[in-house]
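Letter by letter, the chains look like this.
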Amino acid sequence: MRRWIDAAIDRTRTTLLVLLFLLIGGGVAYLAIPKEANPDVTIPTIYVSLTLEGVSPEDAERLLVRPMEQELQAIEGVRKMTAQAAEGYASITLEFDAGFDPRQALADVREKVDIARSSLPDEADEPRVMEVNVSRFPVLSVGLSGPLSAGELMLAARGLRDAIEGLPQVLDVDIAGEREDLMEIVVDPQVLAGYGIDFDTLFNLVSRNHRLVAAGSIDNGAGRLAIKVPGLIENLDDLLSMPIKVDGDRVVTFGDVAVIHRTFKDPQGYARIDGQPAVVLEIAKRAGANIIATSRAVHAVLDEARPSLPNTLQLRTIMDQSTTVVSLLDDLLNNVLTAVVLVLIVILATMGLRSALLIGLTIPGAFLTGILLIWSIGYTLNIVVLFALILVAGMLVDGAIVVGEQADYNLARGLSSRDAWAGAAGRMAWPVIASTATTLAVFVPLLFWPGVVGEFMKYLPATVVLCLLASLLMALIFLPTLGNLLRRRNAPATRESLHVGARLYRRLLDRLLARPGLALLGALGIMAVIYAAYARFNHGVVFFPEVEPDNAQILVHARGDLSVDEKDAIVRRVEARVAGMPEIDALYARSFAAPDTRMAADVIGQLNFSLIDWDKRRSAGAILDDMAARTRDLPGVRLAFQEQERGPTSGKPIQIELTGRQPDTLDAAVEQLRTAMQRLGGFRDIQDNRSLPGVEWRIEVDREAAARFGADVATIGSAVQLVTNGLPLATYRPPEVDDEVDIRVRLPAVRRSLDQLERLTVHTNRGQLPIRQFVRLTPAPKVGILHRIDGHRAITLEADVQPGRQVDERLRALAPSLAELPEGVRANLAGEREDQAETSRFLVSAFGVALFLMTIILVTQFNSLYQTALVLSAIVFSTAGVLLGLLLNAQPFGIVMVGMGIIALAGIVVNNNIVLIDTYNQLRGDGLPARQAALEAGCRRLRPVLLTAITTVLGLIPMVLGVNVDLLTPSLGWHAPSTQWWTQLSSAIAGGLAFATGLTLLLTPCMLELGARMGARWRRK
């Protein structure tokens, strides 16, 4: 290593050019690297969609889901398979094991779907296979609202969609609330009966006159003539002039017997923004595109298009992740700058201006080199990477401080500048490399964190590893070169006498070395007291930190066979109660006929709120409590208030999946658990996904009676469709829309009622007859959505916990009820508990691997099992500091954050022990007795140990206290959302390191002395 250091110092210009390249390259990388809020996480989920119009949930389960499940369950790597069967459609979701190959999994699923396609009904649409991709999630939502008709809104939305999709950064634009176009033919059945036209004849006439005929061409030797038979319906006139009946010379067209017009399919819900009808453009960016540049480009398109839009149309930004990213970047970069300034102040106060400048230069050097490496491997600059930069802000100077302090020591001994810096780097190279290697050893296993949480958090260890490698390069290569270049003109002053603090430390350490066993017992006693205090006064356990949200929502629950207009009326009542609150920036309300499969079956509407900036309003929890008070007296509805979910977890924290073969026992089990939850208390917003009670009407056909009149089920079904969604005749593709438009025949709106079903007539071999002669209309219990998990019927019970309650504690209270479920019912804890168990298992494994790697490194460095065990014991003692830090900062024990903090701390706390023990071994090699060597090693390493610990802790202090310091404005903020992410982790590391540093300076020398005494006794024996 000394050869590399000497070569770098001797070739100063080359070394400085390389440093300059790294600085410029890092600056360019910072400007070019894609910036986003959350990491681009690969979700191990593939979704299969199946549709068959009009099919009942039971038939969808039998005809669509079960044949598909038979094939899909054979795919290797499937962790969980869930399915839903509902009216007209079915879906199957496959969750794969961590580390799956998305391309191979997608190919396997498509292969199995193609095999199962032959078992599906011929009338079913082609199955669609989709990969759940985070890059397709919207990053920007723009609302279009105003007193306009649906047609005007759709025209404006589609025009803006086409313009925005032309941007290179944009992947896709969806129109939320878009209504499907329809060519509607409104007929009176008596008119059709008068002309003797039945439904089959109507269908055949349209289909035979609406087709593309490939007529070919004529080649007669004198030229080639292309022949075309235009037969497709292209506009309204084509349909109006289409003949449907010929009587002699008279031709009856559609225009004679029907009213034909372009419209939309019946609404499945309504959307409003601030009380006005609306649709929303949901914009997804391409993978790797800069979210800030994407947002600016979209807003530029909107500004350009605004003059051509209706004057009453308002454009509102409902959600824009770029503003969140800009805010996070500003807050976290300010924290990085604050951390750097605090570190430099400490170094300046203890080592002087020259050393502070030299060591301080290694921080931006390591930062920019790390960003250059991050950019080169394809990572983005997101919140996790930015916190990793804050985490290493103090760690980056550890090696530089050790080398710089040794160089000052050499200069004080009278060595030349070159010899002092080269000697310092050469002497401390292996201790610095060993301490860096032990830190890397705890972060490297975190790179293999499985699951969605691991995909989210892997950016932190990767950033730390790259920045620490860069800091090692700075400390051993570039710092000695710069130190030699900026040599002092005058001879270095002799080392000053120890200051008061150092003298007090020497006196205390000398007394402790006289009784090392008593010092060990004292440390164990302090550790026991901290553990006991934490057991008594802890703030509970959480899986992931709770962060102040920018958005919130209200889910509106109501039961009954309500029409979509009745549901919308209820949502409007809720909307009116909360509208006008000053903290709401935008209110986006939706009602729908059927909720999303991820919602409870009785959800009829949803209100989404975009809140104003966090520093100008109350907390989201207080705002939602105010909303609850405003809506408490609304009859017939139940409201669920939810804050925006952040991080890799989603859904309610308590999710219990009940599976079994008998639906009745499943229902009984759900009722049993719901009763237990209400009795125990501490649970809120309890819901399950059972089918709601309701009524459906069944038209039971007497096939024998129908056959006597020459009628059948298909004929009757066609007649019934006239009353419901319309009888489909054909599709056509007008130039102004992208998708095919259905052509459907329907009765006038006043005749679309339940009574009309009994008055319907069909054409038979005995003329027009009412269908009531061979059908019977009967009510029956309604079946909603059927759920299946891994091939069995399932019901999922979900709940939140009351404020002040912990998920683990409530689940332990519920455990006896889970053990008393009816026979044949199995319960599985999913959701956050499932992720928590997986994360805990991995962190324990990663900690074991890290300890093994550190043991190998330390044994190689010291060639002593005792000294290795002594260094590793600092990790055990530091856990008491972790708990103390959480207690003092009133933080819960976060499974993810604190668990990762303990692992990261393991690599940090051993560094100072390594340098101190290395100095002790050198002094012992010089002939000093054990006690004197321990005393001198502690005093000599006092300043670098304190500096490295203080700089690391100071780098985390802004996050520990939740402070946002803007040194450029200047301004001061408290508890910004960007700091709430990392308060638990920073509190754990800062507390553990502060506690372990005191033990390093006091207990480690005592343990070295105790080890020497025990070794001497052993040798005497």
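Note that the coordinates shown come from a computational prediction; the quantities given were computed from them, not determined experimentally. (Residues numbered from 1 in each chain as written. Predicted model: local features only at pLDDT ≥ 70, side-chain atom pairs only at ≥ 80, totals over all residues. Heavy atoms only, no water.)

S.K.: Describe in detail the overall build of the chain, supporting the description with residues and values.
M.R.: Each helix and strand counted, the chain has 33 helices and 34 strands in total. Summarising its shape, the C-alpha atoms of the chain cover approximately 125 × 80 × 60 Å along the three principal directions. The buried share of the chain, taken over its 1021 residues, is 52%. A total of about 46500 Å² of accessible surface is found on the chain, and carbon and sulfur atoms cover 54% of it. The chain carries 98 positive and 110 negative side-chain charges, and their two centres are separated by 11 Å. (Helix = DSSP H or I, 4+ residues; strand = E, 2+ residues; numbered from the N terminus. Buried < 20%, exposed > 50% of the residue type's maximum accessible area, 1.4 Å probe, protein only. Areas by Shrake-Rupley, 256 points an atom, 1.4 Å probe, with all protein chains shown as cover. Lys, Arg positive; Asp, Glu negative; His and termini not counted. Charge placed at Lys NZ, Arg CZ, Asp CG, Glu CD.)

S.K.: Requested: an account of helix α21 (residues 620-630), with residues and values cited.
M.R.: Of all the residues in α21, the buried ones are A620, I623, L624 and M627. Around the axis of α21, the buried residues are gathered within 95 degrees of arc, so they sit on the same side. On its buried side, α21 packs onto β17 (551-557), α20 (564-578), β18 (584-592), β19 (603-611) and β20 (638-643). (Arc of directions from axis to C-beta. Contact = heavy atoms within 4.5 Å.)

S.K.: Help me get a handle on the side chain of Q553, residues and values and all.
M.R.: Among the secondary structure elements, Q553 is positioned in strand β17. Looking at Q553, its side chain comes within polar contact range of the side chain of Q606, at 2.6 Å. Only 2.7 Å separates the side chain of Q553 from the side chain of Q642, close enough to count as a polar contact. Setting aside residues no more than four positions away along its own chain, Q553 makes contact with Q606, L607, N608, F609, A640, F641 and Q642. (Polar contact = N/O pair within 3.5 Å; in protein donor to acceptor, adjacent residues only side chain to side chain.)

S.K.: Report on the side chain of S145, specifying residues and quantitative values.
M.R.: Looking at the element boundaries, S145 is found in strand β5 (residues 140-145). Assessed through its relative accessible area of 1%, S145 is described here as buried. With residues near it in sequence (within four places) discarded, S145 still touches I273, Q276, P277, A278, T312, L313 and Q314.

S.K.: Tell me what's going on with a nonpolar patch on the surface, and back it up with residues and numbers.
M.R.: On the surface, L17, L20, I24, V28 and W375 cluster together to form a nonpolar patch covering roughly 480 Å² of accessible area. Per-element accounting of the nonpolar patch gives the leading share, four residues, to helix α2 (residues 12-32). Tracing the backbone through its elements, the reader meets L20 in helix α2. (Patch = residues over 30% accessible without salt bridge, like charges linked within 9 Å, V, L, I, M, F, W, Y side chains within 5 Å. Salt bridge = Lys/Arg side-chain N within 4 Å of Asp/Glu carboxyl O.)

S.K.: Lay out the packing of helix α15 (residues 417-443) against helix α17 (residues 459-485) in plain terms, naming residues and giving numbers.
M.R.: Taken N-terminus to C-terminus, the directions of α15 and α17 make an angle of 175 degrees; their axes are 8 Å apart at the nearest point. One finds that α15 runs roughly antiparallel with respect to α17. Contacts between α15 and α17 involve S417, R418, W421, A425, A429, V432, I433, T436, T439, L440 and F443 from the first element and L460, P461, V464, V465, L468, L469, L472, L476, L479, P480, G483 and N484 from the second. Looking at the contact of α15 with α17 residue by residue, the classes come out as 17 nonpolar, five polar and one charged. (Axes fitted to C-alpha atoms, helices over the stretch in contact; angles between N-to-C directions. Parallel < 35°, antiparallel > 145°, perpendicular 65-115°, else oblique. Nonpolar A, V, L, I, M, F, W, Y, C, P; charged D, E, K, R; others polar.)

S.K.: Break down the pattern of salt bridges for me, with residues and values.
M.R.: Under the definition given, this model contains 44 salt bridges. For R776, the salt bridge goes to E700, with nearest N and O atoms at 2.9 Å. Taken together, the residues R776 in strand β28 (residues 775-781) and E700 in strand β23 (residues 695-701) connect sequence positions 76 residues apart. Relative accessible area serves as the criterion here: at 35%, E700 is assigned to the partly exposed category. Put simply, R708 and E704 hold a salt bridge, and the shortest N to O gap is 3.0 Å. Residue R708 and its partner E704 are located together in helix α23 (residues 703-708), separated by four residues, close to a single helical turn. Where salt bridges share partners, they join R158, R161, D162, E178, D181 and R262 into one cluster.

S.K.: How would you explain the sheet that holds strand β7 (residues 181-187) if you had to name every residue and give the values?
M.R.: On the basis of which strands lie adjacent, the open sheet formed by four strands has the order β12-β7-β25-β24 and mixed pairing. The open sheet is flanked by β12 (258-264) and β24 (727-732), the only strands paired with a single partner. On average, each strand axis in the sheet is tilted by 25 degrees relative to the strand beside it, whichever way the strands run. As paired elements, β7 and β12 share seven bridges and run antiparallel to each other. Considered in β12, the bridge of I185 is made with I260. Along the sheet, helix α24 (residues 713-723) contacts β24 and β25 (741-746); its crossing angle with β24, the most-contacted strand, is approximately 75 degrees. (Pairing = 2+ DSSP bridges.)

S.K.: Tell me about the packing of aromatic side chains, and please be specific about residues and values.
M.R.: Counted by the stated rule, this structure contains three aromatic pairs. Relative to Y459, the ring of Y379 has its centre 4.6 Å away and its plane inclined at 50 degrees; by these criteria the two rings are tilted. Here the residue Y379 occupies a position in the loop between α12 (353-376) and α13 (383-393), and Y459 occupies one in helix α17, the gap between them amounting to 80 residues. Note on accessibility: Y379 and Y459 belong to one class, buried. Summarising the aromatic geometry, the rings of F709 and F774 are spaced 5.8 Å apart at their centres and angled 40 degrees between planes, so their arrangement reads as tilted. Taken together, the residues span a long stretch of sequence, with F709 in the loop between α23 and α24 and F774 in the loop between β27 (767-770) and β28 at a distance of 65 residues. (Phe/Tyr/Trp six-rings, centres within 6.5 Å; stacked < 30°, edge-to-face > 60°.)

S.K.: How would you sum up the packing of helix α1 (residues 2-10) against α15? Please name residues and give values.
M.R.: Where α1 meets α15, the axes come as close as 9 Å, and the angle between the chain directions of the two elements is 150 degrees. Considering the relative orientation of α1 and α15, their crossing is right-handed. Taking contact as the criterion, the partners of R2, I5, D6, I9 and D10 in α1 are, on α15, R418, A422, G423, A425 and G426. (Left-handed = near helix turned anticlockwise from the far one by under 90°.)

S.K.: Quick one: what's the story with unusual backbone geometry, residue by residue and with numbers?
M.R.: Glycine aside, residues mostly have negative phi, and peptide bonds are mostly found in the trans state. For D274, which is not glycine, the phi dihedral falls at a positive 50 degrees. Considering the arrangement of structural elements, one finds D274 in the loop between β13 (269-273) and β14 (276-285). Backbone geometry places N863, a non-glycine residue, at a positive phi of 55 degrees. If you trace the backbone, N863 turns up in the loop between α27 (832-862) and α28 (865-888).

S.K.: Provide a residue-level description of the confidence of the model for the chain, including the pertinent values.
M.R.: Residues of the chain with pLDDT of at least 70 account for 95%, and the chain-wide mean is 83. In the model, residues 489-498 has pLDDT below 50 throughout and makes seven contacts with residues more than four positions away in sequence or in other chains. (pLDDT = per-residue confidence, 0-100.)

S.K.: An account of the nonpolar core is needed here, citing residue identities and associated values.
M.R.: Within the largest apolar cluster, 189 residues are counted, with the highest numbers of intra-cluster contacts made by L144, I164, F443, M457, L460 and W982. With residues near it in sequence (within four places) discarded, L144 still touches L153, A156, A157, L160, I273, P277, A278, V279, L281, L313, Q314 and L315. If you look at the next biggest cluster of nonpolar residues, it comprises 42 residues, including I244, A705, F709 and V762. (Core = buried A, V, L, I, M, F, W, Y, C linked by side-chain atoms within 4.5 Å.)

S.K.: Can you break down the environment of L167 residue by residue, with the values?
M.R.: Considering the arrangement of structural elements, one finds L167 in the loop between α5 (150-165) and β6 (170-176). Counting along the chain gives 130 residues from L167 to A297, while the straight-line C-alpha distance between them is 7.5 Å. When near neighbours in sequence (up to four residues on either side) are disregarded, L167 contacts A297, V298 and V301.

S.K.: Go over the pairing of β14, please, and point to the residues and values.
M.R.: Most of β14 is tucked away: seven of the 10 residues are buried. Sheet analysis places β5 next to β14, joined by six bridges and oriented antiparallel. Looking across to β14, one finds that L140 is bridged to I283. With six bridges connecting them, β6 and β14 associate as antiparallel partners. Each bridged residue has a counterpart across the sheet, and for I175 the counterpart in β14 is L281. Where β13 lies against β14, two bridges are found, and the strand directions are antiparallel.

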